[in-house]
Amino acid sequence: MKQSISFTLNGKPVTVEVEGNESLLTVIREYLDKTGTKFGCGLGDCGACTVVINNEALRSCMLAVEDVVNKTILTIEGLEENGNLHPLQKAFVEKDALQCGFCTPGMIMNAYGLLLKNPTPTRNEVINGMEENLCRCGSYNRIVEAIQLAGIEMNKNF
Ligand code: FES
Ligand code: FES
């Protein structure tokens, strides 16, 4: 049975009429047209669908939308501010940390969650924090460099 489900998406309140057990990933992409969040495996294994929920990076393919009622969700589309890319987005560009780009939104959102917990991670801490996000293009080294660079840039702002 359809339910009216409300949460905050990228700073704006949204309400959708959906089956409560619909996956959050499907709702974000197909009902709310935020297609930056990618469908990779649909099984919780690749990280392409990662979003940040109440400041924690989570896999949206593994969550039912009824589990995020009244929560605050950030997707890749919500990172830029006033037309300015987020430091993580800039660092991925600067370090050339992508090839096809399919994994990139999930990588960036997982990194965002990581940097919230640990603003200046060591290389090994980045590797450990990102190890369950998969990149078929093998851009891992540049992704790690980008995340460390973003951490430095973000700390300059405080
Ligand atoms: S699509 Fe969600 S983890 Fe792969
Ligand atoms: S850049 Fe292609 S999957 Fe990561």
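Scoring rules and cut-offs
- Residues numbered from 1 in each chain as written.
- Chains lettered and ligands numbered in written order.
- Predicted model: local features only at pLDDT ≥ 70, side-chain atom pairs only at ≥ 80, totals over all residues.
- Helix = DSSP H or I, 4+ residues; strand = E, 2+ residues; numbered from the N terminus.
- Rg over C-alpha atoms; globule rule 2.2 N^0.38 Å.
- Pairing = 2+ DSSP bridges.
- Axes fitted to C-alpha atoms, helices over the stretch in contact; angles between N-to-C directions.
- Contact = placed C-beta atoms within 7 Å.
- Expected span 1.5 Å × (residues − 1).
- Buried ≥ 20, exposed ≤ 12 C-beta atoms within 10 Å, placed from the backbone.
- Domains from an automatic or database assignment.
- Nonpolar A, V, L, I, M, F, W, Y, C, P; charged D, E, K, R; others polar.

Trainee: Could you clarify how one ought to interpret the overall build of the protein in this entry?
Mentor: Helix and strand counts for the protein stand at five helices and five strands. Starting at the N terminus, the α and β elements of the protein follow one another as β-β-α-β-β-β-α-α-α-α. Radius of gyration (C-alpha) of the protein: 15 Å, near the 15 Å computed for a compact globule of 158 residues. Seen through its principal axes, the protein has C-alpha atoms that stretch 45 × 35 × 25 Å.

Trainee: Teacher, can you tell me more about the sheet that holds strand S3 (residues 50-53) here?
Mentor: Note on sheets: strands pair through backbone hydrogen bonds, and any given pair is parallel or antiparallel. Taken together, five strands build an open sheet; the order of strands is S2-S1-S5-S3-S4 and the sheet is mixed. Both outer strands of the open sheet, strand S2 (12-19) and strand S4 (56-59), are each paired with one neighbouring strand and no more. Ignoring strand direction, the axes of neighbouring strands in this sheet form an average angle of 40°. Note: strand S1 (residues 2-9) against S2, eight bridges, orientation antiparallel. Across the sheet, residue Gln 3 finds its bridge partner in S2, namely Val 18.

Trainee: Hey, could you run me through the environment of Gln 148 in this one?
Mentor: Looking at the element boundaries, Gln 148 is found in helix H5 (residues 140-156). For the pair Gln 148 and Val 126, spaced 22 residues apart in sequence, the C-alpha to C-alpha distance is 7.5 Å. Once residues within four sequence positions are removed from consideration, Gln 148 is found in contact with Pro 121, Arg 123 and Val 126.

Trainee: Before we go on, may I ask you to explain H5 in this structure?
Mentor: In an α-helix, one full turn covers 3.6 residues, which means residues spaced three or four apart are oriented alike. With 17 residues, H5 extends 25 Å between its outermost C-alpha atoms, agreeing within 8% with the 24 Å of an ideal straight helix rising 1.5 Å per residue. Buried residues of H5: Ile 143, Val 144, Ala 146, Ile 147, Gln 148, Ala 150 and Gly 151, and no others. The inward-facing, buried residues of H5 abut helix H2 (87-94), helix H3 (104-117) and helix H4 (123-130).

Trainee: Sorry, what's going on with the domain arrangement of the protein here?
Mentor: By convention, interface size is frequently given as the accessible area that disappears when the constituent parts associate. What the domain assignment lists for the protein is domain 1 (2-78) and domain 2 (87-156). A straight line from the C-alpha centre of domain 1 to that of domain 2 covers 21 Å. Listed per partner, the contact involves 14 residues of domain 1 and 13 residues of domain 2. Elements supplying a minimum of two residues to the side of domain 1 that touches domain 2: S3 and S4. In terms of residue count, S3 provides more of the side of domain 1 that touches domain 2 than any other element does, three residues in total. Here the side of domain 1 that touches domain 2 is built from residues that sort into seven nonpolar, five polar and two charged.

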